Amino acid sequence: MTAYHIFTPDDALRFADRHSELFGDHSKLSAVEFGDGNLNLVFRVSNDKGTSLIVKQALPYARCVGESWPLSTDRARIEAEVLQQHGRFCPQHTVEVLHFDPALSAILMEDLKQYQILRSELVKGKTFAHLASQMASYLAQTLFYSSDFVLSGPVKKAAVARFINPELCLITEDLFFTDPYCNHERNTIHTLILPRARQLWQDEELQAEVAALKADFLSKPQALLHGDVHSGSIFINADNCKVIDAEFGFYGPIGFDIGSLLGNLLLNYVACPGLFAPEQAEQQQAYLLAQIRELWQQFAAQFSQLMASETQDSALQNSRYQQHFLQQVLADSLGYAGCELIRRTVGLAHVADLEKITDASKRAEAELRAIELGRALIMQRAQLAQMDAVLSLVQQFAL
């Protein structure tokens, strides 16, 4: 077994060639490191015929900070195993893991070079009719088949233990639920919205609701989450979408994955007036509203059908319980979507949807819309029992 060392491009090349037969015996291989993320090295290994694979290696520290922020490389195991499990449940929308080496904390996976990053495409004003339906299928299948509806108590508890992910969960706990609501040194706040950000630090009513959402995140292991379903972790083309980057995976509340995606669609929604001319902004917002509606409706329909037909636990087969469960998932999803809107505006990790707005005043207007919409979703999540009510609320923040 090879001892852990940080890969060079040549190391990544040899790793890919050793663990895949895709390249053939006489290929001329090359490798380039192109990762722009915060935590890992990412290499594309290609041959002279255009075939390529991706090698991803976990570093023993946060790449964006350096060795002063150490991290366990076990996150690579978690990412590989989450993707493998999700791939069994929904192979058509999960990137394929070809090999994982635990000693090197390195993953070999398919190259999605025929796809584009969803966030980048939305910022350009691109639309994809299949996004909502395919992501609804991914979420319904991965979350249902890893839940108590299917797994026995002992099997589920063992799975929860296997996917304990304390370091990366702590990042989420801090960045989502703590930092935006205090004057934390990690926060990045544009000057024009600083007065509104300061109000968040004193908003005890909002903080109480965020605390409840955090408590659920800490103590509600409903299903094996991807843990970071934002529009930068979805690759898409004209026909299909695939989910990548599951290193934040753990057993948590089902609404967190759904809410993360809803929150990112809403970030693009509030950014539209600053990114596009009025007519295009209106069209893009209409598209996003339709996708949000379809995402929830299709997820709810598929998850309900799975509960009705494939639930193993007799107590959980009760139809009234299942209806109540799904209603609570919607409320949770809206709350976590609200947290995503706020933390991407005043916290550490901003998004291109807002940062690409070149006019500072228009960017500030979009950020303020994100904060107010996020607060409304968090505070009203229990009352927003139907998606029509949710969309009516969202439309108040269109311009």
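Analysis parameters
Residues numbered from 1 in each chain as written. Predicted model: local features only at pLDDT ≥ 70, side-chain atom pairs only at ≥ 80, totals over all residues. Heavy atoms only, no water. UniProt positions renumbered as here; feature names shortened; annotations may be inferred. Pairing = 2+ DSSP bridges. Helix = DSSP H or I, 4+ residues; strand = E, 2+ residues; numbered from the N terminus. Axes fitted to C-alpha atoms, helices over the stretch in contact; angles between N-to-C directions. Contact = heavy atoms within 4.5 Å. Buried < 20%, exposed > 50% of the residue type's maximum accessible area, 1.4 Å probe, protein only.

Going by what an unreviewed UniProt entry lists, the protein is known as Methylthioribose kinase and is assigned to Alishewanella aestuarii B11. On record in UniProt, under Catalytic activity (unreviewed entry), the comment for the protein is "5-(methylsulfanyl)-D-ribose + ATP = 5-(methylsulfanyl)-alpha-D-ribose 1-phosphate + ADP + H(+)". As stated in UniProt under Pathway (unreviewed entry), the record for the protein gives "Amino-acid biosynthesis; L-methionine biosynthesis via salvage pathway; S-methyl-5-thio-alpha-D-ribose 1-phosphate from S-methyl-5'-thioadenosine (hydrolase route): step 2/2."

A.B. asks: Can you walk me through the sheet that holds strand 6 (residues 97-101) in this structure?
C.D. replies: What holds strands together in a sheet is hydrogen bonding between their backbones, with the strands either parallel or antiparallel. In spatial order, the strands read 1-2-3-7-6; together these five strands make up an open sheet with antiparallel pairing. The open sheet has two free edges, formed respectively by strand 1 (30-33) and strand 6, since each of these has just one partner strand. Strand-to-strand twist of the sheet, defined as the mean angle between neighbouring strand axes without regard to direction, takes the value 20°. Sheet topology note: the strand 3 (residues 52-58)/strand 7 (residues 106-110) ladder contains five bridges and is antiparallel. Across the sheet, the residue bridging to V55 is L108, located in strand 7. On the sheet, helix 1 (residues 9-18) packs against strand 1, strand 2 (40-46), strand 3, strand 6 and strand 7 and is oriented at approximately 60° with respect to strand 2. Lying on the sheet, helix 2 (residues 74-89) is in contact with strand 2, strand 3, strand 6 and strand 7; it crosses strand 6 at an angle near 155°.

A.B. asks: Explain the pairing of strand 2 to me, please; I cannot follow it from the model alone.
C.D. replies: For a regular strand, side chains alternate in direction, first toward one face of the sheet and then toward the other. Of all seven residues that make up strand 2, six are buried, and the element is covered over most of its length. Bridge analysis of strand 1 against strand 2 gives four bridges, and the strand direction is antiparallel. Bridging from a neighbouring strand, S30 pairs with S46 of strand 2. Sheet analysis places strand 2 next to strand 3, joined by seven bridges and oriented antiparallel. Within the sheet, the bridge partner assigned to V45 lies in strand 3 and is L53.

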